[in-house]
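# Close look at the chain arrangement
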Amino acid sequence: MSQVIGYEKVDDIAVLSARNPPVNALGVDVRRGLLSGIERAEADGARAVLIYGEGRTYFAGADIREFGKPPQEPGLPALCNRIEASPLLVVSALHGTALGGGLEVALSCHYRIAVPSAKVGLPEVNLGIIPGAGGTQRLPRIIGVEAALDMITTGRHVRAAEALEMGVLDKIGEGDPREVGLAYTRALLAANTPRRPICEMPTPEPIDFDARYEAVLKKGRGQLSPAVAVRAVQAACEADDFASGLVRERELFTELMASDQRKGLIHAFFAERAVSKLPELQGVVPRDLHQIGVIGGGTMGAGIATSALLAGLPVVLLEMTPEAAKAAQARIASNLAGAVKRGKLSQSDHDDILQNRLELALDYDALQNVDLVIEAVFEDMEVKKQVFAQLDAVCKGGAVLATNTSYLDINEIAALTRRPDDVIGLHFFSPAHVMKLLEVVVADRTAPEVVATGFALGKRLGKTAVRAGVCDGFIGNRILSAYRTCADHMVLDGASPYQIDAALTAFGFAMGPFAVSDLAGLDIGWAARKRKRAAGLDPRARDSFYADKLCEGGYFGQKTGKGYYVYETGRRGGVPNPEVMPLIEAERAAQGISARGFTDDEIVRRYMVAMVNEAARVIGEGIARRPLDVDVTLIYGYGFPRYWGGPLKWADLQGLPNLLDDIRRWSEEDPYFWQPAPLLEQLVAEGRSFDDLNKDG
Ligand code: 3HC
Ligand code: NAI
């Protein structure tokens, strides 16, 4: 008797129920249980088999923890074939999320019913693989190539109603999955409905697969799995028979399983779930959040308020003047209108939010009852201090006082209040109602339940929250500053900003660093350079002034129509600004540098090594707890290609000794910038990897 697959006979129906919490993953015991359940049903005089999941879901997929380990019998493909070949009528009743191998098991059944809230999908490409248990062969046979490619190459979760319309499901039934499944199976038996194995259905109509392969590869910015999935679906149309199609699917699946991209994506999957699990928060209860306050309704404040309102939290937004308050309201209204347009918010909820849930205020007294307040005023310590002094005076005891500062010292802000335990950094990314990352910045005195409240807020807002410590730039902006400096050095030495952007987008970044600067506003970098120069640069640090000249000319990037690129309305992206290269050449001449050529590989290597080295410092200093915290930060906040798993997974895949060798070699030309991080040296000396540190916890 299987522990994880229950067996019962209800009249002439054998009922197999999955009991493998939390998500009924199809690990080896589940596969064995299903196989013996089918065999037992066939020997037990049953006419039909019903498969469903207990707990929160039907099978959510293969057990990802088994990937990369030696396979154990029965394999999922063989199990699916066996289910499909059963002489009994096999039915699945779906609820929760029937994903990946889960949906493949359902597709090997002869009929599928689901409860209305169920979702189905083949998200394997997001893990760097393709469906490997017949999904690429069976799905196109029942819904056609186009619809199957849409599901398989995007990995999207499809709601039951749409899945019914597409033909993935045969029926939707309200109620408990067991009862719904039993009623449906009884009805099928009563009508003498024949078995309906998908493998016996005709091959689907082909499309131009070569063109689709190229298009999907381009869209994935170098991610292989969606494009390889196109080839697997092609086999469904072109292979001699169903069995040969399965063989081709398996070959492609096996190749991807061995790839670095698969390793990177699986790392990302587990890392994003591990970031919120902090040992010090075990058992710590977050404070209740019923209403929040936001101070400053500019770019960030309006985005943060939008995010909270969309999550159902009422917001009091404080601005300086009636005009500023009106402008903030307009920004929020425009964000919400966008949500309505994208189908994320109903018109009536939109109206309700603006009329009843958003309160605009000019007086701090309006913040007396909020449970948490996030300050997003100008990035100026004096202004922040004034704001926190007022918050300290008016907010109720136990209210969490948060700052969205990008760089400023939160300990200094906290020390100014009588309640430093309640002060925390909640660093959102722009646009705050869209970007997924939230750095929860823990200051010296921040109380554990305030940290827990920060994480709880992040979860409520649908963000991925990462714990960071206080330093200039926390995790993300601090590391950004290092790799951005490396890019500036390469420009001085001979690479163009356009070559650098192109090399890094080819590596998989959403955008190159110079296009990002144009998007964020060149004035931000200008202010940072001035701040650093005023504080006194180390005499060994390299500096350059050509970017200042762009700003002095009034070119702040996208918002002024010109920066490194020129932007024309109605056109996506920009074209290189012809004024930039002469400024760079003049700077090189002024510094006596003769430009040299860079290969794209060298550009990527230097940029990445600068990132990894600074990340190692950030971990060594305890600003980030674990390498995976850095990986998630860069993926969610900085457009780092997820399929590399984050910069430190990338580093592990390259081999840390190789990276340290590069740093030592480059330090001969610039010993100030290329100083190896002590943690990197230590890991190399001990023969360990960043992932080993993740495992240490
Ligand atoms: N294998 C192993 N563990 C899994 C898992 C899986 N397929 N799916 C989820 N888990 C684990 C998570 O790691 C987490 O563990 P933890 O509590 O120790 O951190 C726990 O289950 C709960 O998961 P979530 O926190 O993600 O729970 P949610 O309710 O937020 O989401 C979910 C549930 C939508 C099912 C989500 O977990 C998910 O998307 N899982 C992955 C689904 C997937 O990709 N399936 C395809 C697998 S590949 C495959 O099937 C190959 C086949 O074609 C051969
Ligand atoms: P912004 O200039 O767009 O908005 C600031 C708003 O604060 C203005 O509307 C202003 O009227 C208001 N304000 C200023 N002083 C105030 C006061 N005393 N009381 C009430 N309102 C006041 O600035 P932005 O870009 O929204 O930045 C705000 C904060 O968020 C800064 O600390 C910044 O470093 C940080 N941040 C900015 C990011 C970005 O990409 N813009 C990203 C992450 C953090």
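As the structure is a computational prediction, the values presented were derived from the model and not from experiment.

This part covers helix H18 (residues 476–493). An ideal rise of 1.5 Å per residue puts 26 Å on 18 residues; H18 measures up with 26 Å between its terminal C-alpha atoms. The buried fraction of H18 is high, at 14 of 18 residues. Positive backbone phi, at 140 degrees, marks Gly 494, one or two positions downstream of H18.

For the rest of this paragraph, the subject is the site of ligand 2. Around ligand 2, the surrounding shell holds 22 residues, and the nearest of these are Met 300, Glu 319, Glu 379, Lys 384 and Ser 406. Within the contact set of ligand 2, an oxygen atom lies 2.6 Å away from a side-chain nitrogen or oxygen of Glu 379. Ser 406 has a polar side-chain atom sitting 2.7 Å from an oxygen atom of ligand 2. Look at ligand 2: alone it shows 840 Å² of surface, and the protein chains cover 79% of it. Put simply, the parts of the chain that give the shell around ligand 2 at least two residues each are helix H12 (299–310), helix H15 (381–394) and strand S15 (423–428). Per-element accounting of the shell around ligand 2 gives the leading share, three residues, to H15.

With that settled, consider the nonpolar core. Leu 367, Leu 391, Tyr 564, Phe 640 and Phe 690 are the most contacted members of the largest nonpolar core, which totals 103 residues. Per-element tally for this core: the top contributor is helix H24 (residues 600–620), with 12 residues. For this core, the domains that each give at least three residues are domain 2 (280–468) and domain 3 (476–622 + 625–696). Not counting chain neighbours up to four residues away, the residues in contact with Leu 367 comprise Gly 293, Ile 295, Val 316, Leu 318, Val 373, Leu 391, Val 394 and Cys 395. The next biggest cluster of nonpolar side chains, apart from the first, holds 88 residues, and it includes Val 15, Leu 16, Leu 127 and Met 257.

A common way to express how large an interface is: the accessible area buried when the components associate. Along its sequence, the chain is organised into domain 1 (5–258), domain 2 (280–468) and domain 3 (476–622 + 625–696). Summing both sides of the interface, domain 1 and domain 3 together bury roughly 330 Å²; the carbon and sulfur share of this comes to 48%. Inspection of the region where domain 1 meets domain 3 yields zero salt bridges. Tallied by class, the residues present in the side of domain 1 that touches domain 3 amount to no nonpolar, three polar and one charged.

For the coordinates displayed, the defined rule picks out 17 aromatic pairs. Ring geometry for Phe 507 and Trp 644: centres 5.6 Å apart, planes at 5 degrees, overall stacked. Of this pair, Phe 507 sits in helix H19 (residues 497–507) while Trp 644 sits in the loop between helix H25 (627–637) and helix H26 (647–654); the two residues are 137 residues apart in sequence, bridging distant segments of the chain. By the burial criterion, Phe 507 is buried, and Trp 644 matches it. An aromatic cluster of three or more residues is present, and its members are Tyr 483, Phe 507, Phe 509, Tyr 607, Phe 640, Tyr 643, Trp 644 and Trp 650. Over the aromatic face of Tyr 213 sits the side chain of Arg 231, whose NZ or CZ is 4.4 Å from the ring centroid. In this structure, Arg 484 packs its charged tip against the face of Phe 514, placed 4.4 Å from the ring centre.

Thresholds, definitions, all that
Residues numbered from 1 in each chain as written. Chains lettered and ligands numbered in written order. Predicted model: local features only at pLDDT ≥ 70, side-chain atom pairs only at ≥ 80, totals over all residues. Heavy atoms only, no water. Helix = DSSP H or I, 4+ residues; strand = E, 2+ residues; numbered from the N terminus. Expected span 1.5 Å × (residues − 1). Buried < 20%, exposed > 50% of the residue type's maximum accessible area, 1.4 Å probe, protein only. Near = heavy atom within 4 Å. Polar contact = N/O pair within 3.5 Å; in protein donor to acceptor, adjacent residues only side chain to side chain. Areas by Shrake-Rupley, 256 points an atom, 1.4 Å probe, with all protein chains shown as cover. Core = buried A, V, L, I, M, F, W, Y, C linked by side-chain atoms within 4.5 Å. Domains from an automatic or database assignment. Contact = heavy atoms within 4.5 Å. Buried area = accessible area lost by both parts, 1.4 Å probe. Salt bridge = Lys/Arg side-chain N within 4 Å of Asp/Glu carboxyl O. Nonpolar A, V, L, I, M, F, W, Y, C, P; charged D, E, K, R; others polar. Phe/Tyr/Trp six-rings, centres within 6.5 Å; stacked < 30°, edge-to-face > 60°. Lys NZ or Arg CZ within 6 Å of the ring centre and 35° of its normal.

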